[in-house]
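Notes for the structure review
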Amino acid sequence: MNQDQILAEKCYQGEALGDELVVDVHTHIGPWPAFPVADSGSAQSLLRQMDLLGIDYALVSPHVAVGPDWQEGNHQDYEAHQQYPQRLLVYFTPNPRYRWEEIAVEIERWRNAGVRVEFKLHPGLHGYACTDAKCYPIYEYANEHNLPILSHVWNSEKIDGEHPMRALAQRYPNVAFIHAHADSDWETMATLTEAATGHENTYLDICGSVMYYGLLAELVRRIGAEHVLFGTDTPFVDGRAQVGRILTSRLSDEQERLIMGLNAEVFDLPQR
Ligand SMILES: [Zn+2]
């Protein structure tokens, strides 16, 4: 066996990565209004997929949180975390169109309950640009508390001639800025690898429903495996396809370990 392809070999044998750290940084729970999702996107269903694939931890953002009711969504997330405290970790999902004072109250409630508020933003569904003034208190807070922020997109005009993610990463060095769905197509990959290159605190999450052949290897070649995060977008997308394409991508075991779990140490992971 090629000693640098041990993970690929496990995949070919149909073995889950039981002894490796595997962190899914992009999942959801709950039903979705536009089409059915398996088991109504229950936390139990998410756990079943995690066990099947050898995923230790999943970062979760309920659909309702990125949609019509961020407070209800965060409540659901907290309940899922209470149910599986060692497996399901919470993304606190604010809707910045609400006043910061209201968001801050919710954050405090969570902190008092002992939960680290790692942020998820969905500018697309909540209808704002990442450079809107109302977003800055969130960035300030995350910077002060060393928290990562996963955003569906870092969307706006350029800031000082730079991609917004790049400009924000410069301004807030203690925040890990994560861009979701970074390899959905070749053009997106090219733009985002350029935006993320050269900043320690920028990461690209590679979950998505379209997986172009060879795109992942090119993304890693451009930006380095240290900046790439594994995510599945469960329950929209079948996580088996995502795991399979990473493990059989002919990256080295070391690169795959970084992508599958080691880079996710920017999150507050429980002890294994
Ligand atoms: Zn998603």
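Here we summarise the structure given alongside this text. (Residues numbered from 1 in each chain as written. Predicted model: local features only at pLDDT ≥ 70, side-chain atom pairs only at ≥ 80, totals over all residues.)

Structural notes on the overall build of the protein chain
Summing up its helical and strand segments, the protein chain has 12 helices and eight strands in all. Seen through its C-alpha atoms, the protein chain measures out along the principal axes to roughly 60 × 45 × 35 Å. The 272 residues of the protein chain split such that 44% are buried. Look at the contacts in the protein chain between residues 6 or more apart in sequence, and 76% of them connect residues 24 or more apart. (Helix = DSSP H or I, 4+ residues; strand = E, 2+ residues; numbered from the N terminus. Buried ≥ 20, exposed ≤ 12 C-beta atoms within 10 Å, placed from the backbone. Contact = placed C-beta atoms within 7 Å.)

Digging into the pairing of strand β3 (residues 88-92)
Of all the five residues making up β3, five are buried; the element is thus mostly covered by neighbouring parts of the structure. Of the two faces of β3, the one lined by L88, V90 and F92 and the one lined by L89 and Y91 are each fully buried. In this structure, strand β2 (residues 57-60) lies alongside β3, joined through three bridges in parallel fashion. Its bridge partner lying in β3, V60 is registered against V90. Pairing analysis gives two bridges linking β3 to strand β4 (residues 118-121), with the strands arranged parallel. The residue bridging F92 from the neighbouring strand is F119, located in β4. As for the winding sense of the linkage, the β-α-β connection from β3 through helix α5 (residues 100-112) to β4 is right-handed. (Pairing = 2+ DSSP bridges. Right-handed = clockwise from strand over helix to strand, strands pointing away.)

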